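Summary of the model geometry
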Amino acid sequence: MFRTALRNLLAHKTRLMMTALAVLLGTAFVSGTLVFSDSVNSAFRNKMAKSLDDVAVSVTAGRPTTALKEKDALDSRVVETVRALPGVASVRPSVSGTVMVADKQNNPAGSEWGSSGANFVPGANGKDSRYPIVKGRGPAGEGEIVLDARTAAKTGAEVGGTVRLAIDGPVMTKKLVGIAETDDPKVSAGGSLALFDTATAQKLLGVRGQFNELVVSATPGTDQRKLTAAVRDALPKNAFRTQSGKELAAEESKAIDKETSSIRNTFLAFAGIALFVGVFIIANTFTMLIAQRSREIALLRAVGASRRQVVRSVLIEAGLLGLVASAVGFVLGLGVATGLRAVLNSAGADLPDGPLVVEPMSALTALGVGVVVTVLAAWLPSRKAAKIAPVEALAAAEQPPAPRGLLLRNSLGAVLTAAGVAIMLYVTTLKDSGGLEIAMAGAALTMAGVIVLAPLLSRPFVHLFARATGRLTGVSGKLAKENALRNPRRTAATASALMIGLSLITGLTVVAVSADRGVAKMGQQDLTADYKVTSANFGGLSTDIARTLAKEPGVTAAVPLRSVGFQSSDEPALAYAADIASLGKVADIRFVSGSPADVRKGTVAVSDQYAKERGLKVGSTLPMDFYDGEKAAPKVAAVYAKNDVVSAVLTTPSLVDPHLEKVRDDEVLVKAAPGKAGELRAKIKETLGGNPLIKVQSQDDLRRSEAGSIEDVLFLMYGLLGMAVVIAVVGVVNTLAMSVFERTREIGMLRAIGLARTGVKQMVRLESVMIAMFGAVLGVGVGIFLAWSGGHLVRSSFPQYEMVVPWARIAVFLLIALAVGVLAAVWPARRAAKLNMLESIGAQ
Amino acid sequence: MSHAAAFPLAQAPTGAVAARATELSKVYGQGETRVTALDSVSVEFRRGEFTAIMGPSGSGKSTLMHCLAGLDSVSSGSARIGDVELASLGDRQLTRLRRDRIGFVFQAFNLLPTLTALENITLPMDIAGRKPDQQWLDMVVGTVGLSGRLTHRPSQLSGGQQQRVAVARALAARPEIIFADEPTGNLDSRSGAELLGFLHESVRALQQTIVMVTHDPVAASYADRVIFLADGRVVDEMREPTADAVLDRMKRFDAKGRTS
């Protein structure tokens, strides 16, 4: 039987090409994802290992920066204590923080998360092994700075020139005295590095005389674990975090794994969708092959092959096909992995460079997945092969198989669809977002139901389509219609493959566009300010900024907002502090009970939603546990309607400030005098000294930045789902090629009685378009339904969400489906038109 | 009877020439695999005549029909339908010629399984975008005895009925000439006789011109005239044939092996 399977595989290799392509693309996606995530993971690890190379022990301050009690301070006394321990080769006390260096346009030169600053620690030879100076010299003195080469280039400054930077407040200028190298992954991944001498770094980034971290390196032969224990024992209990280099490495590895595995799992989910689509194509091919080969199989049965042997032969053939296709797919996957990194990097992912890492497991997984998927998909068709009776070998002429009833299938499809729709309708009644799993199950059931029902639905659709286009397409259209209807299962399976991709694309598009609209509404709804001033490093703004802006001519109000996290009965929430009287000038906050005037020291206002959740009303007490260990129990003085400017709790700065490490504003909301809004933006920037740290955003900017990220994610999804669509297109080509092959004699006869080549082409093309449009219409319909019903979940946590169907974009999807139909038909149609008439008529 | 008639064609019956082959040759392959299927054949088919082409396997009878019907190209010489020289036509024009002026009945697989009998009958006109002449259509359908089965699909018809649908299709478009390639090859003798009766009748009653390739002497006996081919040449001709006479003539091929 193995030989029969192999022979069959070889005999039909061109016909199996399209199927192989479907498997190949799916496995390329899988193996590409696996190799990509392994490579990125290993690149990250290499980077990390390099930077932790000479770290034997690390001591970090329990809570960095400000206001540490004397005994907890990581100061030079601690450095000396550690340095005196046996086995310690050196101690590198470091200070680190965020430093935003201004580029030529006064924007941050580094990424928001990677703009780091540190101290330069020269050894006895004047060099710092961690930051080798490649040009100029190390920083010495308050006015000097050293940058990494890329950042220096962005500022446009040469060594000896001046650099503008900001840390948490005003802009400073420093003299660039050197260029340093670093292997800090944050920096190489798009950040920036600024080095100062230790005293300056402490002054700018921390507290004078204190450090963030001590990096201890050991003398050769010292046991890292013992040294760590010794350091731990030598220092005051619980004041610092003491970790060995190995522990640090393990911790970072875990973080890296977590990060890469989340990317990997997302991509694998899409690869799964692509493979699932592939299943339809494989099943279709094997069904057709077995139908074509039924006499052959009957002959095998007649000469004594058992049913089991026939099934096994088909499955072996599928397995071989899967193996070959996934082996090629795996190789293609290496290309995908390389491309993926390039694509993500160009989208700003800042992935480190490194060689492609091909784990044997990736290869095995790709091959395994390819073979298993192909064999599973061929399983149902193989059962059909087993049902072929030996007597069919003796049948004089080939009889088309009697159309099997679709009753069972339709009943099953109706039940599945009804169940799915019922679940989705139930989801629309859910009030909270906890119904995600239910909605996913409902969506899966609905899609499965529609797939099962597709043969039934194909009939009215094809009739309708043919009627709509009948005048234009004439006899070719009529013949195409009959061909599409001839085997509803095949038409449906081909269309379903396209439907899956398109329903996901449509559903995501509708939800994304609706969310986008919601975001746009949100920005306009509660915020009446013209500009929002924030810090680019999320570190907050100096309180001077609000005061400066308030004095600016043309500014009606500049209201600072700050916030602090707290827990109430272990539930985390955020308390905002603002001057409540002036908050009304920049935001529309409606009080539903109590009076805003009563909100003063020792009282709070809460949102109606939070009040409901916590059972609060005016006069009740809100217990607050702050993260610095302090507690408070202010009275609720007022309740306001939930809004997007201040979340759960609004109070006065007097309640919030004591619990902040540094009193800084999260944002300053600026309302311009009437007619002055336009010119104010430049003025604000100017007033704040062209500070790279400070972001000034108008309402439009805010809307665009939110909307932009939604669009970006949507386009990434399009890209990933595009693979599923490509495989579906392969399926359409496959089905058409097979049907042209099956209808060779019909086509020959049609040509003989006078159908021109163009007519034959048109016939194949129209069948293709009908299949593609059927899949597209089903997909768009299902997608819109799922987006509508699932959208209720979004609304529960995002009340501005409003279902918007982007008809223009959906029309584009349908046009693309039309184009897909035409394109998929190019090759089969050409083949059909080229058929030799006489040979075709005589073909068996 | 008159199988002693002169060759290529001595006496012509009434009516113009519907199709004509002159010095027609057809060669397949090159070099060692070169096969001459037709060797300078000259023959005429007149309007309103039912001609059978006979000959042993490989005599070139099907090739002659294919060349005359515009299904296959000729190597040299001329093939004409009416006044039209087929060699001068491109694929598109040939297709139109077949559609508008020629009818076909094949041995098997004449019908599209997805279309009803009536749709199959009107298919050539559908392709041409013409409306069928309803009166004529009714007469043709009536003549071949399919009135009650027009909405049936081919799978619901017997083999004989299917071939009658094919004949009706060939007649319905009123072609100048109908080519039939072993139309009874797949039928039992009763259905075959019935079908041949219809072909004969369509020539008599509807003045149709039919050229039929067959290897069955009984089938040939329904024709007005039989052309015998051997080794790619026309070797004999018989008017008013009977099955026995044709059989005798055919036996001579077997006996002599090769005739020239």
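No experiment lies behind these values; they were computed from the predicted model shown.

With that out of the way, let us pick up the sheet that holds strand β2 (residues 35–46) of chain B. Residue and element names in this part refer to chain B. Reading across the sheet, the four strands line up as β2-β1-β4-β5 and stay open at both edges, with antiparallel pairing between neighbours. Among the strands making up the open sheet, the edge pair consists of β2 and β5 (84–85). Examined bridge by bridge, strand β1 (residues 17–28) and β2 share eight bridges and lie antiparallel to one another. Along β2, the bridge assignment pairs Val-17 with Arg-46.

Its domain assignment divides chain A into domain 1 (96–203), domain 2 (453–526 + 699–844) and domain 3 (537–691). Distance between the C-alpha centres of domain 2 of chain A and domain 3 of chain A: 51 Å.

Attention shifts here to the packing of helix α8 (residues 245–292) of chain A against helix α11 (residues 360–387) of chain A. All names here are of chain A. Where α8 meets α11, the closest approach of the two axes is 8 Å, and the angle between their N-to-C directions is 40 degrees. With respect to the hand of their crossing, α8 and α11 are arranged in right-handed fashion. Only Val-369, Val-373, Thr-374, Ala-377, Ala-378, Leu-380, Pro-381, Lys-384 and Ala-385 of α11 make contact with α8, whose side of the interface consists of Leu-275, Gly-278, Val-279, Ile-282, Ala-283, Phe-286, Thr-287 and Ile-290.

Structurally, A:Ala633 is set in the loop between β19 (631–632) and β20 (635–640). Considered as a pair, A:Ala633 and A:Ser620 are 13 residues apart in the sequence and their alpha carbons are 9.7 Å apart.

Our next topic: unusual backbone geometry. Not every positive phi belongs to a glycine, and A:Asp570 is a case in point at roughly 65 degrees. By secondary structure assignment, the location of A:Asp570 is in the loop between β14 (555–568) and β15 (571–577). Judged by the 6 C-beta atoms lying within 10 Å of it, A:Asp570 is exposed. We note that B:Asp231 has phi near 50 degrees; this positive angle belongs to a residue other than glycine. Judged by the 18 C-beta atoms lying within 10 Å of it, B:Asp231 falls in the partly exposed class.

With that settled, the discussion passes to the interface of chain A and chain B. Contacts between the two partners involve 20 residues from chain A and, on the opposite side, 24 residues from chain B. For the side of chain A that touches chain B, the elements supplying multiple residues, two or more each, are α13 (436–486), α21 (744–752), α22 (757–797) and α24 (837–842) of chain A. Looking at side-chain class alone, the side of chain A that touches chain B contains 10 nonpolar, four polar and six charged residues.

What follows covers helix α2 (residues 13–51) of chain A. Between its first and last C-alpha atoms α2(A) spans 53 Å; for 39 residues at 1.5 Å apiece the expected length is 57 Å, and the two agree. For α2(A), the buried fraction is high: 29 of the 39 residues fall into the buried class.

So, about helix α1 (residues 61–68) of chain B. Counting buried residues in α1(B) gives eight out of eight residues, a clear majority hidden from the surface. Within two residues after α1(B), B:Gly70 carries a phi angle of roughly 75 degrees, on the positive side.

Residue and element names in this part refer to chain A. Running from N to C, α2 and α11 cross one another at 155 degrees; their axes reach a closest spacing of 9 Å. The pairing of α2 with α11 is recorded here as roughly antiparallel in orientation. The interaxial crossing formed by α2 with α11 has right-handed handedness. Counting all contacts with α2, which are made through Val-23, Gly-26, Thr-27, Val-30, Ser-31, Leu-34, Val-35 and Asp-38, the residues of α11 involved are Ser-362, Thr-365, Ala-366, Val-369, Gly-370, Val-373 and Thr-374. Its residues assigned to classes, the contact of α2 with α11 shows seven nonpolar, seven polar and one charged.

Definitions and limits used
- Residues numbered from 1 in each chain as written.
- Chains lettered and ligands numbered in written order.
- Predicted model: local features only at pLDDT ≥ 70, side-chain atom pairs only at ≥ 80, totals over all residues.
- Pairing = 2+ DSSP bridges.
- Helix = DSSP H or I, 4+ residues; strand = E, 2+ residues; numbered from the N terminus.
- Domains from an automatic or database assignment.
- Axes fitted to C-alpha atoms, helices over the stretch in contact; angles between N-to-C directions.
- Left-handed = near helix turned anticlockwise from the far one by under 90°.
- Contact = placed C-beta atoms within 7 Å.
- Buried ≥ 20, exposed ≤ 12 C-beta atoms within 10 Å, placed from the backbone.
- Nonpolar A, V, L, I, M, F, W, Y, C, P; charged D, E, K, R; others polar.
- Expected span 1.5 Å × (residues − 1).
- Parallel < 35°, antiparallel > 145°, perpendicular 65-115°, else oblique.

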